[in-house]
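Examination of the molecular architecture
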Amino acid sequence: MATHHDGAGPDAAARGRTVVVTGGSDGMGRGIVLGRAARGDRVLAIGSNPAKGESLLAEATASEAGDRVEFLAADLSTIAGNQAVIDHVAATYRTVDGLVLAANRQSPQRVETSDGFESTFALYYLSRYLLGHGLMPALSIASQPVIVNIAGVGLTSGKINWDDLQLRTRYRTIAAQLQAARANDLLGVAMAGRFGERVPYVLYHPGFTRSGDSVMEQVNPLVRTVIKTLASVAARPVARAVAPVHEFLDSPPTAPLTAVDRGRPVPLDLKTLDPVAARRLADVTEQILAAADPTRVTRRDGTR
């Protein structure tokens, strides 16, 4: 379901910059959406909760930026949900200048999606893989495009469970989050190696942030309370956490891959950014996506 404000359609899209933000109705994603709209960009905010989408649009309208924000409800944990976003963007916007990947949600128990994937792996990693490749045609024709993946680069905890990517035998909430974070590190390496000369890729770790509720919606209420209490005294405010994202969007890096952990550049020879592992994960990802969707065909340019 897409919710438009006047000016968010194809005619408006021809007039200037367009930014797509996943997880755009809550937390850091919401802050980025409103910040870009305030700067004059048209923004497509993607989220799973229509009520939060309506709230986002109301806030944008109150700040006189409502005509520059569109909300699209989509289930990014499914292949079909991601394809619906890709199709919508292709039909509505000629180019995409910036893609910000921020959707994530924790689950205390293992949940399997309709495609047969563990939900954290599907939402936190696979959706970013699918959208990065699927929107590449629109990104590659923009004058100064960039992809910003908000994850956990710079951390070395966690691992890719090559023999059990879907965590069927060893599911833990933190293990699932860390595996997806490490997968996003490798995604950035693979995408930069393939497309980075034309569309730079940024891996950005904002650190502990006073974000929205969507990441913790399924977390035990007691644990949620503890985390919120800690966040109130130790976490960075959203505005501070997303400031570097605005900088990346305003002035995309010239290097194919940039990695930043809480303001500090991350060495690209870090073990979690291994190009060999990145190629392996890219190959495995295509295999599991093809198995889930036999009609899937990916061409060398990243389109379908």
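To start, this report covers the structure provided alongside it. (Residues numbered from 1 in each chain as written. Predicted model: local features only at pLDDT ≥ 70, side-chain atom pairs only at ≥ 80, totals over all residues. Heavy atoms only, no water.)

Focus on the overall build of the protein chain
- Counting its regular elements, the protein chain contains 10 helices and nine strands.
- Put simply, the protein chain has 304 residues, and 56% of those count as buried.
- The long-range fraction of contacts in the protein chain, counting pairs at least 24 apart against all pairs at least 6 apart in sequence, stands at 78%.
- Counting only carbon and sulfur atoms, one obtains 54% of the accessible surface of the protein chain, whose full area is about 13000 Å². (Helix = DSSP H or I, 4+ residues; strand = E, 2+ residues; numbered from the N terminus. Buried < 20%, exposed > 50% of the residue type's maximum accessible area, 1.4 Å probe, protein only. Contact = heavy atoms within 4.5 Å. Areas by Shrake-Rupley, 256 points an atom, 1.4 Å probe, with all protein chains shown as cover.)

With respect to the nonpolar core
- The biggest cluster of nonpolar side chains holds 56 residues, and the ones touching the most others in it are Y125, I147 and Y201.
- In this structure Y125 touches T120, A180, A183, N184, L187, L281 and T285, once residues within four positions along its chain are discounted.
- With 29 residues, the next largest nonpolar core counts I32, A60, A73 and V100 among its residues. (Core = buried A, V, L, I, M, F, W, Y, C linked by side-chain atoms within 4.5 Å.)

Describing the pairing of strand β7 (residues 201-205)
- Most of β7 is tucked away: five of the five residues are buried.
- Of the two faces of β7, the one lined by Y201, L203 and H205 and the one lined by V202 and Y204 are each fully buried.
- Note: β7 against strand β8 (residues 257-261), five bridges, orientation parallel. In the sheet register, V202 faces β8, and the bridge partner there is T258. (Pairing = 2+ DSSP bridges.)

What about the packing of helix α7 (residues 173-195) against helix α10 (residues 275-292)?
- Between α7 and α10, whose axes approach to 8 Å, the crossing angle comes to 95°. Relative to α10, the element α7 is oriented roughly perpendicular. Touching A183, L186, V189 and A190 of α7 are P275, A277, A278, L281 and A282, all from α10. (Axes fitted to C-alpha atoms, helices over the stretch in contact; angles between N-to-C directions. Parallel < 35°, antiparallel > 145°, perpendicular 65-115°, else oblique.)

Focus: the side chain of H205
- Turning to its location among the elements, H205 is positioned in strand β7.
- With relative accessibility at 10%, the residue H205 sits in the buried group.
- Leave out the neighbours within four places in its chain, and H205 touches A151, G152, V153, L155, V260, D261 and R262.

What to know about the pairing of strand β5 (residues 98-101)
- Neither face of β5 is left uncovered, since the one carrying G98 and V100 and the one carrying L99 and L101 both have all their residues buried.
- Looking at chain direction, strand β2 (residues 18-22) and β5 are connected through three bridges and run parallel. Across the sheet, residue V19 finds its bridge partner in β5, namely G98.
- Bridge count for β5 against strand β6 (residues 146-150) is four bridges, and the pairing is parallel. Pairing of L101 across the sheet is with N149, part of β6.

Quick word on α10
- With 18 residues, α10 ought to run about 26 Å at 1.5 Å a step, and its terminal C-alpha atoms sit 26 Å apart, in line with that.
- Listed in full, the buried residues belonging to α10 are A277, A278, L281, V284, T285, I288 and L289. For α10, the arc enclosing every buried residue in end-on projection is 135°, short of the 170-degree limit, so these residues lie on one face. Looking at α10, the residues exposed on the side facing more than 90 degrees away from the buried face are V276, R279, Q287 and A291.
- On its buried side, α10 packs onto α4 (79-92), α5 (119-134) and α7. (Expected span 1.5 Å × (residues − 1). Arc of directions from axis to C-beta.)

A closer look at the pattern of salt bridges
- Taken as a whole, this structure holds 13 salt bridges when the rule is applied.
- A salt bridge links R17 to D41, with the shortest nitrogen-to-oxygen separation between them at 3.3 Å. You can see R17 sitting in the loop between α1 (10-13) and β2 and its partner D41 sitting in the loop between α2 (27-38) and β3 (42-47), a full 24 residues away along the chain.
- Classification of D41 by relative accessible area gives buried; the value is 5%.
- A salt bridge links R110 to E112, with the nearest nitrogen and oxygen atoms 3.1 Å apart.
- Judged by relative accessible area, which is 45%, E112 ranks as partly exposed.
- One continuous salt-bridge network, built from bridges that share partners, spans R17, R36, R39, D41 and D250. (Salt bridge = Lys/Arg side-chain N within 4 Å of Asp/Glu carboxyl O.)

Things to note about α4
- A rise of 1.5 Å per residue sets the reference length of α4, with its 14 residues, at 20 Å; its end C-alpha atoms lie 20 Å apart and thus fit the reference within 8%.
- Within α4, burial applies to I79, G81, N82, V85, I86, H88, V89 and T92.

Observations concerning the environment of T272
- In this structure, T272 sits in the loop between β9 (264-265) and α10.
- Here the alpha-carbon distance between T272 and L186, two residues 86 residues apart in the chain, equals 7.2 Å.

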